[in-house]
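Here's the letter readout for the chains.
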There are 2 protein chains.
Amino acid sequence: MKFGVIGAGIVRQILAATLARTEPGIYGNPPLRQWSEQHPQIQVDTFAHTAAHGEILLNATAGGVSVEALQTIGADLLNGKILIDVVQPSSGMPPSLMVVNTDSLGEQIQRTFPQVKVVKSLNSRSLHIMVNPRQVADGDHHVFVCGNDAEAKTQVIELLTREFGWKHVIDLGDITAARGTEMILPLWLRLSDTLQTPMFNFKIVQ
Amino acid sequence: MKFGVIGAGIVRQILAATLARTEPGIYGNPPLRQWSEQHPQIQVDTFAHTAAHGEILLNATAGGVSVEALQTIGADLLNGKILIDVVQPSSGMPPSLMVVNTDSLGEQIQRTFPQVKVVKSLNSRSLHIMVNPRQVADGDHHVFVCGNDAEAKTQVIELLTREFGWKHVIDLGDITAARGTEMILPLWLRLSDTLQTPMFNFKIVQ
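Keep in mind the model is a prediction, meaning the values are calculated, not measured.

**So, the pattern of salt bridges**
Two side chains with opposite charge may pair up if their charged atoms get near one another. Applying the stated criterion across every chain yields a total of 20 salt bridges over all chains. The partner of A:K120 in a salt bridge is A:D85, with the nearest N and O atoms 2.7 Å apart. Here A:D85 lies in strand 3 (residues 82–85) and A:K120 lies in strand 6 (residues 117–121), a separation of 35 residues in the sequence. Taken individually, A:K120 and A:D85 each receive the classification buried, so the pair is uniform in this respect. Residue B:R111 pairs with B:D103 through a salt bridge whose shortest N-O separation is 2.7 Å. Three or more residues are tied together by salt bridges with common partners; here these are A:D85, A:K120 and A:E182.

Take a look at the structure:
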């Protein structure tokens, strides 16, 4: 399986490095990384190259311009693929959410690209916990997935457990559940301030 | 300490019953309950009576009309008191939040009544877990408090631990943290649908 991590920032870098960390040759990331290093200035081409290359794509673009960034790639390169949207639709400092309550970035992307299998996951937590959940409480906490395509979610759950080491994944249903997972960002930020660390996560206890 | 639970619905009933459950005479709730039972139709008078009676007040009014309900009581009866705001500012089914992101109901109440010591707490969880957290995982999960008055928060934390049995309370800082705790409602609702039970809560793991 070839992964493509779309984005320009630290989130993309760490996700890509994680997906390449065990067997670089298998996942195809090193060629992409080499290409990126050779063409650091051509960001739009990087996005398109990444999208064409990957079989499962991860959206790690900036929250404020995520839909627009994906539009520069175009539906032709994205259609039919799984797109894991890890983005928080926030901007500013302290971050303020740009879409809430009756809509979400996950839904906006799905509406913009109806033939892409959008799965919202991994958002609203530390980047380091995204890719290495066992750093905290030996992984005894939760990550959520939601999306309209059941088979896509099955593949994403397999990715989360096998590649990233997540022990507990909760499938929240269709893509509208992204409202809920995106809206926990303000609590996450305040907790991070209070605990003075980003190294925590939510566990659902019953 | 006399408590007053302001509201007309099930939340008020269960909170009031909990605060009265061990030693009814101590907390003063039975007289209020008797009075309420004798005057079920006079809701505004009930609110005012409750506010005058209680030393620590709990706001359990309907989310959509919470500020207005408190205004019917008036600042004179509320000023100087601690008001624990447990309300979700939501309406409709499925519930949609009426204030999000850059404001919160907790802040609206604090702005409307600057001399009331508003502490947001207990919202965004099952009513049954609010008052009996040890029903789930023996209480090994979290409740949050936030507010501008440190002494008021200390008293509320004592109430939560002593009267309700909460083991883990996190003080998130000033009342603006209510944005975060109110905005986890959509995730809570979706989790409740997914898990097919309201008997769960969030634990913060580090």
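**Details of the sheet that holds strand 1 (residues 3–6) of chain A**
All names here are of chain A. Read across the sheet, six strands follow the order 1-2-3-6-7-8 without closing on themselves; strand pairing throughout is mixed. Each edge of the sheet is formed by a strand with only one pairing partner; in this case those strands are strand 1 and strand 8 (168–171). Across the sheet, the mean angle from the axis of one strand to that of its neighbour is 25 degrees, orientation sign disregarded. In this structure, strand 1 lies alongside strand 2 (residues 56–59), joined through four bridges in parallel fashion. Opposite V5, over in strand 2, you have L58 as the bridge partner. Its contacts with the sheet put helix 7 (residues 105–112) on strand 2, strand 3 and strand 6, and the angle it makes with strand 6 is roughly 170 degrees. Helix 9 (residues 150–162) rests against strand 1, strand 2, strand 3, strand 6, strand 7 (142–147) and strand 8 of the sheet, and its axis sits at about 160 degrees to strand 7.

Scoring rules and cut-offs
Residues numbered from 1 in each chain as written. Chains lettered and ligands numbered in written order. Predicted model: local features only at pLDDT ≥ 70, side-chain atom pairs only at ≥ 80, totals over all residues. Heavy atoms only, no water. Salt bridge = Lys/Arg side-chain N within 4 Å of Asp/Glu carboxyl O. Helix = DSSP H or I, 4+ residues; strand = E, 2+ residues; numbered from the N terminus. Buried < 20%, exposed > 50% of the residue type's maximum accessible area, 1.4 Å probe, protein only. Pairing = 2+ DSSP bridges. Axes fitted to C-alpha atoms, helices over the stretch in contact; angles between N-to-C directions. Contact = heavy atoms within 4.5 Å.

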